[in-house]
Amino acid sequence: MFIALEGVDGSGKSTQLALLAEALGPDTLKIREPGGTEAAEAIRSTLADPGIPLDTTAELLLFFAARADLVRRVIRPAIEAGRTVVSDRFVDSTEAYQGVARGLGVEVVHELNRIATDGLLPDLTILLRVDPETGLARAESEDRFEAEGVAFQRLVAGAYEEIARREPDRFVVVDGSGSPEEVHTRIMAALGSKARQ
Ligand code: TMP
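Nothing here was measured: the structure is a model prediction, and the numbers come from that model.

Draft legend 1. Up close: the site of the ligand. The environment of the ligand is made up of 14 residues, and the closest members are Asp-9, Arg-44, Arg-89, Thr-94 and Gln-98. Separating an oxygen atom of the ligand from a side-chain N or O atom of Asp-9 is a distance of 2.7 Å. Between the ligand and Arg-67, the relevant distance is 3.3 Å, taken from an oxygen atom to a side-chain nitrogen or oxygen of the residue. For the ligand, whose free accessible area comes to 480 Å², the fraction covered by protein is 91%. At the level of secondary structure, the elements contributing two or more residues to the shell around the ligand comprise helix 3 (56–80) and helix 4 (91–101).

Draft legend 2. View of the side chain of Glu-95. For Glu-95, the location among the structural elements is in helix 4. Each residue touching Glu-95, except ones within four places of it in the same chain, is listed here: Val-100, Val-106, Val-109, His-110, Ile-163 and Arg-166.

Draft legend 3. Fine view of the environment of Glu-133. As for its position among the elements, Glu-133 is in helix 6 (residues 132–138). Given a relative accessible area of 43%, Glu-133 falls into the partly exposed group. Linking Glu-133 and Gly-10, residues 123 residues apart in sequence, is a C-alpha distance of 9.2 Å. Beyond its immediate sequence surroundings of up to four residues, Glu-133 is in contact with Val-150 and Arg-154. For Glu-133, the side chain forms a polar contact with the side chain of Arg-154, separated by 2.7 Å.

Draft legend 4. Inspection of the side chain of Asp-88 at higher detail. Relative to the helices and strands, Asp-88 is located in strand 3 (residues 85–88). Asp-88 gets classed as buried once you look at its relative accessible area, which sits at 8%. Apart from the residues lying within four places of it in its own chain, the contact partners of Asp-88 are Leu-5, Lys-13, Ser-14, Leu-17, Ile-31, Arg-32 and Glu-33.

Draft legend 5. A look at the packing of helix 1 (residues 13–24) against helix 8 (residues 180–196). The contact between helix 1 and helix 8 brings their axes to 10 Å, and the two run at 55 degrees. Regarding the angle of helix 1 to helix 8, the classification is oblique. Relative to helix 8, the crossing made by helix 1 is right-handed. Listed contacts from helix 8 to Thr-15, Gln-16, Leu-19, Leu-20, Ala-23 and Leu-24 of helix 1 are Pro-180, Val-183, His-184, Ile-187, Met-188 and Leu-191.

Draft legend 6. Inspection of the sheet that holds strand 5 (residues 171–175) at higher detail. What the 5 strands build is an open sheet, ordered 2-3-1-4-5; its pairing is parallel. The open sheet has two free edges, formed respectively by strand 2 (29–32) and strand 5, since each of these has just one partner strand. Averaged over all adjacent pairs, the angle separating strand axes in this sheet is 20 degrees, with direction ignored. Sheet topology places strand 1 (residues 2–6) next to strand 3; 4 bridges connect them, and they run parallel. Within the sheet, the bridge partner assigned to Leu-5 lies in strand 3 and is Asp-88. On top of the sheet, helix 3 reaches strand 1, strand 2 and strand 3; it is set at about 160 degrees to strand 2, its chief contact.

Draft legend 7. The pairing of strand 2, seen in detail. Of the two faces of strand 2, only the one carrying Leu-29 and Ile-31 is buried; Lys-30 and Arg-32 on the other face are not. Of the pairings in the sheet, the one linking strand 2 to strand 3 comprises 4 bridges and is parallel in character. Bridge pairing in strand 3 links Ile-31 to Ser-87.

What counts and how
As a convention, each chain's residues are numbered from 1 in the sequence order in which they are written. Totals for whole chains, interfaces and linings use every residue, but because this is a predicted model, local features are given only for residues with pLDDT of at least 70 and side-chain atom pairs only at 80 or more, for both listing and counting. Excluded from the side-chain calculation are hydrogens and water; included are all heavy atoms of the structure. To be near a molecule or strand, a residue needs just one of its heavy atoms within 4 Å of it. Throughout this description, a polar contact denotes any pair of N or O atoms lying within 3.5 Å of each other; where both atoms belong to protein, one of them has to be capable of donating a hydrogen while the other can accept it, and for residues adjacent in sequence the pair is counted only when both atoms sit in side chains. To be clear on the numbers: accessible area is Shrake-Rupley with a 1.4 Å probe, and residue cover counts the displayed protein chains and nothing else. We count a stretch as a helix when DSSP gives it H or I for four or more residues in a row; a strand needs E for two or more, and each element gets its number in order from the N terminus. Contacts are residue-level and defined by heavy atoms, with any inter-residue pair within 4.5 Å sufficient. Partly exposed describes any residue whose relative accessible area lies between the buried limit of under 20% and the exposed limit of over 50%, with all areas from a 1.4 Å probe on protein chains only and scaled to the type maximum. Axis angles are defined between N-to-C directions and span 0 to 180 degrees, where every axis is a line fitted to C-alpha atoms and, for a helix, only to the segment in contact. Any angle that is under 35 degrees is reported as roughly parallel, and any over 145 degrees as roughly antiparallel; angles of 65 to 115 degrees are reported as roughly perpendicular and all others as oblique. In this scheme the handedness of a crossing depends on how the near helix is turned from the far one: anticlockwise by less than a right angle means left-handed, clockwise means right-handed. The criterion for strand pairing is that DSSP finds at least two bridges linking the strands in question.

What follows is the structure, encoded as structure tokens:
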């Protein structure tokens, strides 16, 4: 099984990913995007650093380079070995951030995602819904995307809502407000109800 967590910056995904992985058991593989391989982590530091000037198309392609390496060398082998994989962000981040908020286009993101992942999609994507302003205030450091400010995060939030509407079978939207324990309880309830569908 492959589960992804999505949301605006500061939505609490990383905390929730750790709690979810713990709840799913010790054999669960926890990854983050961009990242999860040596090359992808190196790409991540370039992408995160607002001090490194970067063309937006180059930015887009770096996300796909990192994803292709992670999917082919880590995620697919783990799924084939029967492990549960949980990821902090996946393909929908690129649609929301680069496709919509950066305005590079959703179609091109879909096509490149298909090439980078060979069509691999999460079985379930959990969207943590938080107010973009609250999220931005909560985000710890200012990366390239947080530095774009609240208007950018609002575009990202709107794009996520649209994807969740378009793909109700793959998506579950969870209220991200409240304590980490409260949000975790909601996530586990959502997982349970999806499993029963
Ligand atoms: P995070 O690990 O704190 O979520 O940081 C990753 C940053 O990269 C975050 O601001 C969202 C951004 N991002 C994209 O813009 N596109 C993508 O495809 C992914 C995976 C992340």
